[in-house]
Amino acid sequence: MSSEIPVKQIDPSSDPSNKNNKGETVELYASRKKIYVKEVKGFFQRIRNVSLTLLMSMYFLFVWLTLDGQPLIHFDLPAREFHLYGATFYPKDFILLSGMLIICAYGLFFITTLFGRVWCGYTCPQTVWTFIFMWVEERIEGSRNKRMKLDKSPSSSGKIIKKSAKHTVWLLIALATGLTFVGYFYPIRELIVDLFTLQANGWAYFWVAFFTVATYLNAGWMREQVCLYMCPYARFQSVMFDPNTRVVSYDPNRGEPRGGRKKGVKPDEAGLGDCIDCGQCVQVCPTGIDIRDGLQYECIGCALCIDACDEIMEKMDYPKGLISYTTENELEGKQSKLLRPRTFGYGIMLALMISAIIVTIATRVPAQMDALRDRGALFSFNGQGRIENSYTLKIANMSEVPQTFTLSVAGLDDIQILTETRVTVASGENRSLPTVVDVPPESISESNNEILFKAVSETDTSLILETESRFVGPTR
Ligand code: SF4
Ligand code: SF4
């Protein structure tokens, strides 16, 4: 067997470790060029405005709402309780949280397979806040051209006023965002009072400041950089795409050869395609790409370029849709399939997970009881000559109201509880109850006997808790 290792001649001048190499330095990270996004109106921008208004209203309003005296959504970390739409979840419900995260992941995969990055374009918080910040920028500093001119102009009082106003509004929005976010963990009414009277704990100040700064930087300064360099979804979403996935695409068959022409000139008269090379699709793109270069991972699927191009097509009296939501197959003149193996796969997994979560929530008991035998002493005889065993009963009340339970025990003749038999457990409380049980010696024929503890709720008579345990006596 040959032990030769194949070798390849390398030009020493191309070796970067060669000190004599005077070659060009190549930057591995391209420095950011500021993107001046042109505002555009159109069908897809209207859809985004609706989704943006809806999502922002939910985010800022839900934190204030209560249901039956409980917050609608509240993550009470010190008490380890999570209040969601009238239900309270505890750490033991962690499986539900995992299930919901899996549903979100499959939902995202399912939608991405069908419609590409619609999540990024319409609902991702980074997009939502960036669009709000851009809207504020446009109102204060003016259109794209005015903003470019303003940035190039020397410092002046007018420039300072505009820039200060913009950053102040951005910071106020960021502060409201930070306060609201922390308000989901620290009751919002108390949070506001405690923060401004300096009564809140240090962590509350830290997290409000953290989310304020993060929002301000992400939506005001970093914008598309978050999508391009920080978001992992941008990198792996392409594996969910196939030739039938509907994504924002330019139709080169119709648009090329591109070129300028006067209004009213038909493409065939000019010997050109429908693209008039106006660059509007690039100027409105929040990630600064040219969709005419084909599908790119930088494209967040916001469809602003569709709105911009449709407006141009309308002005030129050409049919709309030179840039549109379409599939690779349709662009090649082939039939597109909506339902295909991967959509079935993700759809079935999604349906299974949703069903499992519904069943789990529907069958979730609002309270639970466990009995732990006191292992310190196996048994003892009391003053009445009866045999005693000790237990710790643990009752967790996961319902929204306090529950009063009547306790009983069964399984042996004349068995009884000597300690408290009526107990009230507050909503969300996990109560430990030292419990002593006794039986006459003649009731037990074996040293180890099965018994059953029962707790019947007086508050909700359909709520009956049962748990098995062992009663130990002398060896027979
Ligand atoms: S907006 Fe439409 S016509 Fe203008 S450059 Fe882009 S694709 Fe061509
Ligand atoms: S190319 Fe730009 S404007 Fe068009 S959908 Fe993608 S990100 Fe939006």
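As recorded in an unreviewed UniProt entry, the protein chain goes by Cytochrome c oxidase accessory protein CcoG and comes from Marinobacter salinexigens.

Draft legend 1. Inspection of the overall build of the protein chain at higher detail. Of regular secondary structure, the protein chain possesses 16 helices and 16 strands. Against the globule reference of 23 Å for 476 residues, the protein chain gives a C-alpha radius of gyration of 34 Å, more extended than a compact globule. Its C-alpha atoms give the protein chain principal-axis dimensions of about 110 × 80 × 60 Å. The buried share among the 476 residues of the protein chain stands at 41%. If you take every contact in the protein chain between residues at least 6 apart in sequence, the share linking residues at least 24 apart comes to 68%.

Draft legend 2. Molecular detail of the site of ligand 2. Close to ligand 2 lie V248, C285, P286, T287, I289, I291, C299, I300, G301, C302, A303 and C305, which account for all nearby residues. In the shell around ligand 2, the residues fall into 10 nonpolar, 2 polar and no charged.

Draft legend 3. Focus on the side chain of D307. The topology assignment puts D307 in helix α14 (residues 304–316). Although D307 is buried, it forms no salt bridge, and the closest oppositely charged side chain is R48 at an N-O distance of 5.1 Å.

Draft legend 4. The arrangement of the site of ligand 1 in detail. Near ligand 1 lie 13 residues; those nearest to it are C275, C278, G279, C281 and C309. Broken down by secondary-structure element, the contributors of at least two residues to the shell around ligand 1 are α13 (280–283) and α14. Broken down by class, the residue content of the shell around ligand 1 amounts to 9 nonpolar, 2 polar and 2 charged.

Draft legend 5. Examining helix α5 (residues 144–152) more closely. Taken as a whole, α5 has its buried residues at R144, R147 and L150. Across the axial projection of α5, the buried residues extend over an arc of 125°, all falling on one side. Exposed side chains of α5 directed beyond 90 degrees from the buried face belong to N145, K146, K149 and K152. Buried positions along α5 lie against α4 (125–141), α6 (157–183) and α13.

Draft legend 6. Structural detail: the pattern of salt bridges. Summed over all chains, the structure comprises 23 salt bridges. K166 is the partner of E141 in a salt bridge, and the nearest nitrogen-oxygen pair spans 3.2 Å. With a gap of 25 residues between them, E141 in helix α4 and K166 in helix α6 connect regions that are remote in the sequence. K166 carries the same exposure label as E141, and that label is buried. When the shortest N-O distance is used, the salt bridge between E332 and K334 registers 3.0 Å.

Draft legend 7. Main features of the pairing of strand β8 (residues 367–373). The side-chain alternation of β8 yields one buried face, formed by A367, M369, A371 and R373, and one unburied face, formed by Q368, D370 and L372. Relative to strand β10 (residues 387–397), β8 runs antiparallel, the two being bridged by 7 bridges. Bridging from a neighbouring strand, M369 pairs with I395 of β10.

Draft legend 8. Region of the structure containing the nonpolar core. With 39 residues, the main nonpolar core has W129, I132, F133, L191 and L195 as its most contacted residues. Put simply, the parts of the chain that give this core at least two residues each are α1 (43–62), α4, α6, α7 (188–196), α8 (202–222) and α14. For this core, the element with the highest residue contribution is α4, accounting for 7 residues. Beyond its immediate sequence surroundings of up to four residues, W129 is in contact with M56, Y59, F60, I173, T177, T215 and A219. One finds A371, L407, V423 and V439 within the second-largest nonpolar core, a separate group that totals 25 residues.

Draft legend 9. Spatial organisation of the sheet that holds strand β4 (residues 81–84). Taken in spatial order, the 3 strands of this open sheet run β3-β4-β5, and their pairing is antiparallel. A single partner strand is all that each edge strand has here, and the edge strands are β3 (73–76) and β5 (87–89). Averaged over all pairs of adjacent strands, the angle between strand axes in this sheet comes to 15°, irrespective of strand direction. As paired strands, β4 and β5 are joined by 3 bridges and run antiparallel to one another. Its bridge partner being in β5, H83 is matched across the sheet by T88.

Draft legend 10. The arrangement of the UniProt feature "transmembrane region" (unreviewed entry) in the protein chain in detail. As recorded in UniProt, the sites labelled "transmembrane region" (unreviewed entry) are residues 50–67, 94–115, 169–188, 200–219 and 344–363. With 95% helix and 0% strand, residues 344–363 has its two end C-alpha atoms placed 28 Å apart.

Draft legend 11. Summary view of the sheet that holds strand β16 (residues 464–472). One open sheet holds the 4 strands; their spatial order is β13-β11-β15-β16, and the pairing between them is antiparallel. Every other strand in the sheet has two partners, leaving β13 (422–425) and β16 as the edge strands with one partner each. Looking at each pair of strands side by side, their axes are set apart by 30° on average, direction ignored.

Draft legend 12. How the structure looks around the packing of α1 against α14. Interaxial distance between α1 and α14 falls to 7 Å at its minimum, and their mutual angle equals 145°. Residues F43, F44, Q45 and R48 of α1 form the contact with α14, whose own contacting residues are L304, I306 and D307. Tallied by class, the residues present in the contact of α1 with α14 amount to 4 nonpolar, 1 polar and 2 charged.

Criteria and cut-off values
- Residues numbered from 1 in each chain as written.
- Chains lettered and ligands numbered in written order.
- Predicted model: local features only at pLDDT ≥ 70, side-chain atom pairs only at ≥ 80, totals over all residues.
- Heavy atoms only, no water.
- Helix = DSSP H or I, 4+ residues; strand = E, 2+ residues; numbered from the N terminus.
- Rg over C-alpha atoms; globule rule 2.2 N^0.38 Å.
- Buried < 20%, exposed > 50% of the residue type's maximum accessible area, 1.4 Å probe, protein only.
- Contact = heavy atoms within 4.5 Å.
- Near = heavy atom within 4 Å.
- Nonpolar A, V, L, I, M, F, W, Y, C, P; charged D, E, K, R; others polar.
- Lys, Arg positive; Asp, Glu negative; His and termini not counted.
- Salt bridge = Lys/Arg side-chain N within 4 Å of Asp/Glu carboxyl O.
- Arc of directions from axis to C-beta.
- Pairing = 2+ DSSP bridges.
- Core = buried A, V, L, I, M, F, W, Y, C linked by side-chain atoms within 4.5 Å.
- Axes fitted to C-alpha atoms, helices over the stretch in contact; angles between N-to-C directions.
- UniProt positions renumbered as here; feature names shortened; annotations may be inferred.

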